[in-house]
Amino acid sequence: MGFSPSFSCSAMGALILGCLLLQASNSNAQLRPDFYFRTCPSVFRIIGDTIVDELRTDPRIAASILRLHFHDCFVRGCDASILLDNSTSFRTEKDAAPNKNSVRGFNVIDRMKSAIERACPRTVSCADMLTIASQISVLLSGGPWWPVPLGRRDSVEAFFNLANTALPSPFSTLTQLKAAFADVGLNRASDLVALSGGHTFGKAQCQFVTPRLYNFNGTNRPDPSLNPTYLVELRQLCPQNGNGTVLVNFDPVTPNAFDRQYYTNLRNGKGLIQSDQVLFSTPGADTTTLVNQYSSNTFAFFGAFVDAMIRMGNLRPLTGTQGEIRQNCRVVNPRIRVAENDDGVVSSI
């Protein structure tokens, strides 16, 4: 199933809320799917309506929101630190090399937050909002539904340096990918292969593709794992010394659908970036078996993806009194200081 403008987001919201009650018992002690059932029951509808509206003019936004969630969670957990703009206290993660001029969708997140604040002031964290938005983006694109554990709070700082080192590179080898995933607590092969399946939709810039096409690992030759026909197609889209910001579909077959075609592409030597193709083409890799399995079985892929998404979302959450509930996802809430004047009158500053 792909996105259809006639899809009823209200019906979807009712479905999700109903499922949350059924699935709440499966959550862990810190985060639970029904966290906002009483305090902000409209949160799913608001987020879903915003994404549906944006999809009408930007079919890429669902994949962009999912990527934004990944890039948030890989840096100190899913705490919405990636959404913070520069401040006098820290440098934004948006400027880090893996994110600069690449991650997108911040304006859509802003619209969601404004609508949620009107409905449920100071209640829903940006971290939870981004997590929910990722799940709904996958669902609207034909992917699975899952009970999203909720109750995260927002970071009060960003982590520019960590974003430069923690996020996997599109040029990573399989060994480097496994290390990057293990460093954040995702140490199973299924975590890596299933979450990489997020590249079943969306686009990448030519600058992350061209080294494979013309000078793979300094050989002045293309990556030998590339399908020859696909190599010709990619060279037409991404000419040598061409515009590195030109966009190419991760999946040339079903570019906007969340499905298992990504894994079939890998088996055919049609992984767009190096860090995708190595999952299948690295000799003796345990990931090859999983690529084959997910390529032939949608339920296996969806099940592994849901499991990995929940595991990723549960890494190092801020809960309780940690962090805050940001009123604007781009900035930390104003700090209120209490002062007493000479007459004993207390005021907020």
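Residues numbered from 1 in each chain as written. Predicted model: local features only at pLDDT ≥ 70, side-chain atom pairs only at ≥ 80, totals over all residues. Heavy atoms only, no water.

- As recorded in an unreviewed UniProt entry, the chain goes by Peroxidase and comes from Arabidopsis arenosa.
- Here the chain is described in UniProt, under the heading Function (unreviewed entry), as follows: "Removal of H(2)O(2), oxidation of toxic reductants, biosynthesis and degradation of lignin, suberization, auxin catabolism, response to environmental stresses such as wounding, pathogen attack and oxidative stress. These functions might be dependent on each isozyme/isoform in each plant tissue."
- UniProt, in the comment section headed Catalytic activity (unreviewed entry), describes the chain in these words: "2 a phenolic donor + H2O2 = 2 a phenolic radical donor + 2 H2O". (UniProt positions renumbered as here; feature names shortened; annotations may be inferred.)

A short note on the overall build of the chain
Then, number 1: Counting secondary structure elements, the chain contains 14 helices and 4 strands.
Then, number 2: At a minimum sequence separation of 6, the contacts of the chain that also span at least 24 residues come to 74%.
Then, number 3: Just so you have it, the chain exposes about 15,500 Å², and 51% of that area is on carbon and sulfur atoms. (Helix = DSSP H or I, 4+ residues; strand = E, 2+ residues; numbered from the N terminus. Contact = heavy atoms within 4.5 Å. Areas by Shrake-Rupley, 256 points an atom, 1.4 Å probe, with all protein chains shown as cover.)

So, the UniProt feature "binding site: Ca(2+) 2" (unreviewed entry) in the chain
Then, number 1: Within this numbering scheme, the UniProt entry marks Thr-200, Asp-251, Thr-254 and Asp-259 as carrying the feature "binding site: Ca(2+) 2" (unreviewed entry). For the residues just named, distributed over 60 residues, the greatest C-alpha separation is only 9.9 Å, placing them together at one site.
Then, number 2: Residues contacting Thr-200, with those up to four places away along its chain left out, are Asp-251, Thr-254, Pro-255, Ala-257, Phe-258, Asp-259, Gln-261 and Tyr-262.
Then, number 3: Along the chain, Thr-254 turns up in the loop between strand S2 (247-249) and helix H11 (261-267).
Then, number 4: When neighbours within four sequence positions are excluded, Thr-254 is seen to be in contact with Thr-200, Asp-259 and Gln-261.

Concerning the environment of Leu-195
Then, number 1: Tracing the sequence through the fold places Leu-195 in helix H8 (residues 189-196).
Then, number 2: The spacing of Leu-195 and Phe-301 is 106 residues in sequence and 9.7 Å in space, taken between C-alpha atoms.
Then, number 3: Setting aside chain neighbours within four positions, we find Leu-195 in contact with Phe-70, Phe-181, Leu-186, Ser-190, Phe-305, Ala-308, Met-309 and Met-312.

Some thoughts on empty space enclosed by the protein
Sizing a probe to match a water molecule and rolling it over the atoms shows the empty space that remains.
Then, number 1: If you walk through the whole model with that rule in mind, you get 2 cavities of 30 Å³ or more.
Then, number 2: If you trace the largest cavity, you find it lined by His-69, Thr-131, Ser-134, Gln-135, Trp-146, Val-148, Pro-149, Arg-152, Met-309, Ile-310 and Gly-313.
Then, number 3: Going through the elements one at a time, helix H5 (126-140) and helix H14 (298-313) are the ones with two or more residues in the lining of the largest cavity.
Then, number 4: Its residues assigned to classes, the lining of the largest cavity comprises 5 nonpolar, 5 polar and 1 charged.
Then, number 5: If you go around the second largest cavity, the residues you meet are Leu-83, Lys-94, Phe-106, Ile-109, Asp-110, Cys-329 and Arg-330.
Then, number 6: A class-by-class count of the residues in the lining of the second largest cavity yields 4 nonpolar, no polar and 3 charged. (1 Å grid on protein atoms, 1.4 Å probe; cavity = no way out; pocket = protein on both sides within 12 Å on 5 of 7 lines; lining within 4 Å. Points joined across faces, edges and corners; volume = space filled by probe spheres on them. Nonpolar A, V, L, I, M, F, W, Y, C, P; charged D, E, K, R; others polar.)

Section: the nonpolar core
Then, number 1: Judged by nonpolar contacts, the single largest core of 79 residues is most densely connected at Ile-47 and Phe-305.
Then, number 2: Apart from the residues lying within four places of it in its own chain, the contact partners of Phe-305 are Leu-66, Phe-70, Val-138, Pro-144, Trp-146, Ala-194, Leu-195, Gly-198 and Phe-258.
Then, number 3: In terms of nonpolar packing, the next biggest core, distinct from the first, is built from 15 residues, Cys-206, Phe-208, Leu-213 and Ile-273 among them. (Core = buried A, V, L, I, M, F, W, Y, C linked by side-chain atoms within 4.5 Å. Buried < 20%, exposed > 50% of the residue type's maximum accessible area, 1.4 Å probe, protein only.)

A look at the packing of aromatic side chains
Then, number 1: Taken as a whole and assessed by the stated rule, the structure comprises 14 aromatic pairs.
Then, number 2: With a centroid separation of 6.0 Å and 65° between ring planes, the pair formed by Phe-301 and Phe-305 is classed as edge-to-face. Of the two residues, Phe-301 and Phe-305 both sit in helix H14, 4 residues apart, roughly one turn of that helix.
Then, number 3: The class of Phe-301 is buried, set by a relative accessible area of 0%.
Then, number 4: Phe-305 gets classed as buried once you look at its relative accessible area, which sits at 0%.
Then, number 5: An aromatic cluster is built from Trp-146, Phe-201, Phe-258, Tyr-262, Tyr-263, Tyr-294, Phe-301, Phe-302 and Phe-305, whose rings are joined through pairwise contacts.
Then, number 6: Taking NZ or CZ as reference, Arg-91 lies 4.0 Å from the ring centre of Phe-160, over its face.
Then, number 7: Sitting above the plane of the Phe-106 ring, Lys-94 keeps its charged end 4.2 Å from the centroid. (Phe/Tyr/Trp six-rings, centres within 6.5 Å; stacked < 30°, edge-to-face > 60°. Lys NZ or Arg CZ within 6 Å of the ring centre and 35° of its normal.)

Looking at the layout of surface pockets
Then, number 1: Of the volumes computed, that of the largest pocket is approximately 740 Å³.
Then, number 2: In this structure, the largest pocket is lined by 35 residues; those nearest its centre are Arg-67, His-71, His-199, Phe-250 and Ile-273.
Then, number 3: For the lining of the largest pocket, the elements supplying multiple residues, two or more each, are helix H3 (61-73), helix H7 (174-183), H8, strand S1 (203-205) and helix H12 (274-281).
Then, number 4: When residues of the lining of the largest pocket are assigned to their parent elements, the largest contribution, 6 residues, is made by H3.
Then, number 5: Counted by class, the lining of the largest pocket contains 20 nonpolar, 10 polar and 5 charged residues.
Then, number 6: Here the second largest pocket is characterised by a volume of approximately 160 Å³.

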